[in-house]
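# Residue-level structural notes
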Amino acid sequence: MKIIQLEYFLAVVKYNSFTKAANFLHISQPSLTAAIKKMEADLGYDLFMRTTKDIKITEKGIQFYKYAEDLVESYRSTVEKMYDLNVSSEPRIKMGILESTSQWMANVIRAHHKRYPNQQYRIYEVHDQHQSIEQLTNFNVHFALTNEEIRHQDITSIALYKESYILLTPKDAFPKQKTIQLDDLPLILPNKNSQVRKHLDDYFNRVGIHPNIIMESDRFESATNLVHLGIGYAVIPRFYYQSFNTRNLDYIKIRPNLGRKIYINYLKKRKHSEQVLSLIEQCIDYWNL
């Protein structure tokens with residue numbers, strides 16, 4: 001039996017549908033059905049009970065699922081390590097982060113690298129929760145930072161810290177003013193597909209603000225450059241103000257307050273190395289301290 005057959009079986013269980021599983025796997029439904037029937041013939045028992053309306057996994061199918069899931073996970077993990085060992089003596093630690101977390105995350109990685117000097121790292125910027133879930137469950141990253149809790153049966157999601165959103169302004173734009181409302185201000189906001197923009201849109205609806213959006217941007221770095229040029233004011237997370245890009249700019253607190261939580265997320269059943277577990281712990285300890 002091949003790993004790909006086990007992946008076919010797991011997909012059918014996940015989607016509870018041969019049609020949806022075939023679409024996910026990018027194969028035809030007849031090919032998927034034939035592959036599952038061959039598995040059942042090789043095993044000597046049915047994995048699914050089929051009716052004209054739906055399918056149900058059998059008792060033996062449930063038991064087989066547990067073994068298949070472990071085997072596929074082990075296979076993916078092994079393949080990943082083998083590819084990484086082609087580049088380094090130790091597998092790279094792959095992490096999905098938010099742009100706004102890059103400053104403190106760099107401090108954590110620096111401390112971790114002193115402990116593990118041969119360790120290599122790869123960072124992906126991810127700003128959509130669905131993409132983070134996909135990267136975690138597909139073993140593309142070891143852990144991911146998100147600005148909302150991930151509620152998924154296979155993922156552990158731990159809150160790290162809270163932060164407010166602030167208004168980034170040119171120097172002395174609002175002297176002696178401690179807070180500000182966003183009505184009528186020329187705003188530079190994240191694009192619609194980002195989680196931060198969803199937070200902001202929910203906030204505007206909740207407090208009854210019709211924002212004057214003059215520019216949308218994928219990254220806080222781009223928004224910050226526009227503030228430097230005096231084009232408008234950017235709404236950014238508080239800890240992004242620590243970045244080098246915000247030098248010679250001011251910030252002011254938003255009224256009413258708007259905030260968020262940052263979470264660290266990883267797969268529950270994935271067998272993480274000592275180095276990965278250590279880096280996750282250091283992320284948690286950084287904010288506990």
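Given the structure is predicted, the values throughout are model-derived calculations rather than measurements.

### Description of the UniProt feature "domain: HTH lysR-type" (unreviewed entry) in the protein chain
Per the UniProt annotation, the sites labelled "domain: HTH lysR-type" (unreviewed entry) are residues 1-58. Spanning residues 1-58, this segment combines 62% helix with 10% strand, and its end C-alpha atoms are found 20 Å apart.

### A short note on helix H7 (residues 195-207)
A turn of α-helix holds 3.6 residues, and therefore any two residues three or four places apart point the same way. For H7, with 13 residues, the first-to-last C-alpha span of 19 Å sits near the 18 Å given by 1.5 Å per residue. What H7 keeps buried is the set Gln195, Val196, Arg197, His199, Leu200, Asp201, Tyr203 and Phe204. Gly208 sits one or two residues past H7 and shows a positive phi near 75°.

### What about the side chain of Asp250?
Of note, Asp250 is situated in strand S11 (residues 249-254). A distance of 2.8 Å separates the side chain of Asp250 from the backbone nitrogen of Asp172, its partner in a polar contact. Not counting chain neighbours up to four residues away, the residues in contact with Asp250 comprise Leu167, Leu168, Thr169, Pro170, Lys171, Asp172 and Tyr241.

### Examining the nonpolar core
In terms of nonpolar packing, the biggest core is built from 28 residues, with Leu167, Leu182, Leu187, Phe204 and Val235 touching the most fellow members. Of all elements in the fold, only strand S6 (155-170), strand S8 (186-190), H7, helix H8 (220-228), strand S10 (233-237) and S11 reach the threshold of two or more residues within this core. Apart from the residues within four sequence positions on either side, Val235 is in contact with Tyr165, Ile166, Leu167, Leu182, Leu187, Ile188, Leu189, Leu200, Phe220 and Ile254. Membership of the second largest hydrophobic core comes to 22 residues, among which are Met95, Leu98, Tyr266 and Trp287.

Rules used in this analysis
- All chains use their own residue numbering, which begins from 1 and follows the written sequence.
- Local features are withheld for residues below a pLDDT of 70 in this predicted model, meaning they are given only at 70 or higher, and side-chain atom pairs are given and counted only at 80 or more; totals for whole chains, interfaces and linings count all residues.
- Only hydrogens and water are removed before side-chain values are computed, so all heavy atoms of the structure are retained for them.
- UniProt positions are given in the numbering used here, feature names are shortened, and annotations may be inferred rather than shown by experiment.
- Helix numbering and strand numbering both begin at the N terminus, where a helix is a DSSP run of H or I of at least 4 residues and a strand a DSSP run of E of at least 2.
- One less than the residue count of a helix, multiplied by 1.5 Å, gives the span that helix is expected to have.
- For every residue, the accessible area (1.4 Å probe, protein chains only) is compared with the maximum for its type, and the residue is labelled buried under 20%, exposed over 50%, or partly exposed between those bounds.
- In protein, a polar contact requires one atom able to donate a hydrogen and another able to accept it; more generally it is a pair of N or O atoms within 3.5 Å, and residues adjacent in sequence count only if both atoms are side-chain atoms.
- Pairs of residues are marked as contacts when any of their non-hydrogen atoms sit within 4.5 Å.
- Buried Ala, Val, Leu, Ile, Met, Phe, Trp, Tyr and Cys residues that are joined via side-chain atoms within 4.5 Å together make up what is termed a nonpolar core.

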